Amino acid sequence: MKPSTAITSMARSGIREIMELASQTEGAIHLEVGEPNFNTPEHVTQAASEAGFDGFTRYTPNAGIQPLREALADKVRERNGLDATADQVIVTAGAVAGLYSAMAALVDPGSEILVSDPSWPNYALMMQLQGIDPVYYPLRSENDLVPNAAEIEPLITERTKAIIHNSPGNPTGAITPRESLIELLELAREHDLWVFSDEVYDEMWFDHPPVAMGPLDPDGRVVSFFSFSKTYAMTGWRVGYMVAPEGLSESIIKAQEPITSCVNAPAQKAALAAVTGPQECVQEMRQSYTERRDEVVAVLEDRGVPFVRPTGAFYLMVDVSPSGSQGMPFARRLVEEKGVAVVPGTTFGPESGKYVRVSLATATEPLLEGVGRLADAVLGWGADS
Ligand code: PLP
């Protein structure tokens, strides 16, 4: 007896590998983490605690409690310009479970889904579990790491059923402009593809808010994914939500039953408090990330290290090619010799080895110290060899 082929062939997460190495290195600076270094706002935790003590501890409907679905329909209308009814909103166990359910509901095993290189590795992992093949489309630094529809079109085959797009992006920190979103949608329409629009960083932007994909969709092919994880520093609560085109929710809700059934009931009350309560916490976090982005950019520019200037999420991609090394060997050496953990680009796609991802979700002082040491490595190691 042995585990399934899907599991045995699944690559080990590059993020975990670096985290483990860094945890054995005393005083290591952690720039690999992908979660806010803030606490969940107190009123949110309070709401969950009250729900628990009030006995709100049973199964809920698959799609989430009605007041939360209604509040989220208001949220996407007001903040994302997405005109959706509560029936189109599905509460999920993090965006990750939403993506998994949507894939299971809309894409057959044996199909292909287009996904960017680099991209959040879980997309490809969940495809692998469902017998779907990821086909990578490139994101180029010359194009600010946003997709170019003309480069994607030749990758489409008879088996292609969907395209995943993520803006603001992890690991790119890039926000896709409206024109590129429209081009992607035209491509999807021509080839009759679903569009999975991952917008979990919708409130994490630096210079201007992102344009949502859903409102640009005239014919009901975009499923939009959002989350409480990053916006309200709630990664461990596991609450996300998606907005499905009219008439499609029922199929996705059906898929949710065998996967998670429903989201933790007190956590749904916490989410309701988060989305309907004061929003200053979101502005404060956004302000902190923006200040950190500006400081890190200043250091990298000053030192002459190549990087892609991020406009959203809380990540920044540094091009480490001047060091003469890349991928996991670069990242391991950086932990061992400089005591700094970053994620090697190879974690995010086969052609992204020249980058490492730096997370801005780290307090400013260690962040700047770590980026300084990273710059020493990028510029110094090349000179050594
Ligand atoms: N999508 C992207 C691009 C992410 O970076 C993450 C988490 O890191 C998620 C989705 C998953 O978010 P959640 O915590 O809501 O499952």
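Here, every reference points to the structure presented above.
Presented here is an overview of the structure given in this document. Numbering of residues begins from 1 in every chain and follows the order in which that chain's sequence is written. In keeping with the model being predicted, local features are shown solely for residues with a pLDDT of at least 70 and side-chain atom pairs are shown and tallied solely at 80 or more, while totals for entire chains, interfaces and linings include all residues. Side-chain descriptors were evaluated using all non-hydrogen atoms of the structure, hydrogens and water having been removed beforehand.

1. A word on the environment of Asp 108
Step number 1: One can find Asp 108 in the loop between α5 (94-106) and β3 (112-117).
Step number 2: Sequence separation of Asp 108 and Asn 166 is 58 residues, and the distance between their C-alpha atoms is 22 Å. Numbering of helices and strands starts at the N terminus; helices are DSSP runs of H or I of at least 4 residues and strands are runs of E of at least 2.

2. Observations concerning the site of the ligand
Step number 1: As a matter of local geometry, the ligand sits amid 14 residues, with Ala 95, Asp 198, Ser 227, Ser 229 and Lys 230 nearest to it.
Step number 2: Val 96 is positioned such that a nitrogen or oxygen atom in its backbone is 3.0 Å from an oxygen atom of the ligand.
Step number 3: Points on a 1 Å grid over protein atoms alone make up a cavity when a 1.4 Å probe fits among them but cannot get out, and a pocket when they form an open set with protein on both sides within 12 Å along at least five of seven lines; lining residues each have an atom within 4 Å of a point. Each molecule is assigned to a cavity or pocket provided more than half of its atoms lie within 2 Å of the corresponding grid points. With respect to the detected pockets, the ligand is housed in the largest pocket.
Step number 4: Top element by residues in the shell around the ligand is α5. It accounts for 3 residues.
Step number 5: Under the convention adopted here, Pro, Cys and the residues Ala, Val, Leu, Ile, Met, Phe, Trp and Tyr are nonpolar, Asp, Glu, Lys and Arg are charged, and Gly plus all remaining residues are polar. Across the shell around the ligand, the residue classes tally to 6 nonpolar, 5 polar and 3 charged. When we say a residue is near a molecule or strand, we mean one of its heavy atoms is within 4 Å of it. Any pair of N or O atoms that falls within 3.5 Å is considered a polar contact. Within protein, one atom must be able to donate a hydrogen and the other to accept it, and sequence-neighbouring residues count only if both atoms are side-chain atoms.

3. Quick word on the nonpolar core
Step number 1: In this text, buried Ala, Val, Leu, Ile, Met, Phe, Trp, Tyr and Cys residues form a nonpolar core when linked through side-chain atoms within 4.5 Å. Any residue under 20% of the maximum accessible area for its type is buried, any over 50% is exposed, and the rest in between are partly exposed; the area is computed with a 1.4 Å probe on protein chains only. Membership of the largest hydrophobic core comes to 65 residues, with the highest contact counts inside it found for Leu 68, Phe 228, Val 318 and Phe 330.
Step number 2: Residues are treated as being in contact if the distance between any of their heavy atoms lies within 4.5 Å. Apart from the residues lying within four places of it in its own chain, the contact partners of Phe 330 are Val 320, Ser 323, Ser 325, Val 356, Leu 374, Ala 377, Val 378 and Trp 381.

4. So, unusual backbone geometry
Step number 1: Following Ser 167, the chain continues to Pro 168 via a peptide bond in cis, the omega torsion being -10°.
Step number 2: Take Pro 168: it is sitting in the loop between β5 (160-166) and α8 (178-190).
Step number 3: With an omega of 10°, the peptide bond between Asn 170 and Pro 171 qualifies as cis.
Step number 4: With respect to the helices, strands and loops of the structure, Pro 171 is situated in the loop between β5 and α8.
Step number 5: Notably, Asp 144 is not glycine yet its phi reads approximately 55°, a positive angle.
Step number 6: Topologically, Asp 144 is positioned in the loop between β4 (133-138) and α7 (149-152).

5. Section: the layout of surface pockets
Step number 1: Here the largest pocket is characterised by a volume of approximately 1100 Å³.
Step number 2: Contributing to the lining of the largest pocket are 43 residues, with Ser 13, Ile 15, Trp 120, Pro 121 and Asn 122 lying nearest its centre.
Step number 3: The set of elements that each furnish at least two residues to the lining of the largest pocket consists of α2 (14-23), α5, α6 (122-129) and β4.
Step number 4: With 5 residues, the single largest contributor to the lining of the largest pocket is α6.
Step number 5: The class makeup of the residues in the lining of the largest pocket is 20 nonpolar, 15 polar and 8 charged. Grid points are joined across faces, edges and corners, and a volume is the space filled by probe spheres set on the points.

6. Some remarks on the pairing of strand β13 (residues 355-359)
Step number 1: Burial analysis of β13 places 5 of its 5 residues in the buried class, which makes it a mostly covered element.
Step number 2: Side chains Tyr 355, Arg 357 and Ser 359 project from β13 onto one buried face, and the interleaved Val 356 and Val 358 project onto a second face that is buried too.
Step number 3: DSSP bridges decide pairing: two strands pair if at least two such bridges lie between them. Judged from the 2 bridges that link them, strand β12 (residues 343-344) and β13 form a sheet pairing that is antiparallel. The residue bridging Val 343 from the neighbouring strand is Arg 357, located in β13.

7. Focus on the packing of aromatic side chains
Step number 1: Aromatic pairing here means that ring centres of Phe, Tyr or Trp (its six-membered ring) are within 6.5 Å. Orientation follows from the plane angle: under 30 degrees is stacked, over 60 is edge-to-face, and everything else is tilted. For the structure on display, the rule yields 11 aromatic pairs.
Step number 2: Look at Phe 226 and Tyr 241: their rings are 5.3 Å apart centre to centre, the planes differ by 20°, and that puts the pair in the stacked class. Here Phe 226, found in strand β7 (residues 222-227), pairs with Tyr 241, found in strand β8 (residues 240-243); they are 15 residues apart in sequence, far enough to count as distant. This pair shows no difference in class: Phe 226 is buried, exactly as Tyr 241 is.
Step number 3: Connected via pairs of aromatic rings, a cluster forms that spans Phe 38, Tyr 201, Tyr 289, Phe 314 and Tyr 315.

8. Focus on empty space enclosed by the protein
Step number 1: Applying the stated criterion across every chain, the model contains 2 cavities of 30 Å³ or more.
Step number 2: Approximately 100 Å³ is the volume found for the largest cavity.
Step number 3: Ser 116, Leu 139, Asn 166, Gly 169 and Thr 172 are the residues nearest the centre of the largest cavity, which is lined by 15 residues in total.
Step number 4: Across the lining of the largest cavity, the residue classes break down as 7 nonpolar, 8 polar and no charged.
Step number 5: Empty space within the second largest cavity amounts to approximately 50 Å³.
Step number 6: Lys 75, Arg 79, Asp 202, Glu 203, Ser 227, Phe 228, Thr 231, Tyr 232, Tyr 241 and Val 275 together form the lining of the second largest cavity.
Step number 7: Its residues assigned to classes, the lining of the second largest cavity shows 4 nonpolar, 2 polar and 4 charged.

9. Considerations on the sheet that holds strand β10 (residues 315-319)
Step number 1: Strand order in this open sheet of 4 strands is β9-β10-β13-β12, and the pairing throughout is antiparallel. Looking at the sheet topology across the chains shown, the edges are occupied by β9 (307-308) and β12.
Step number 2: Alignment of β9 against β10, held across 2 bridges, turns out to be antiparallel. When the bridges of β10 are listed, Phe 307 appears paired with Val 318.

Read these as spatial facts, not as claims about activity.
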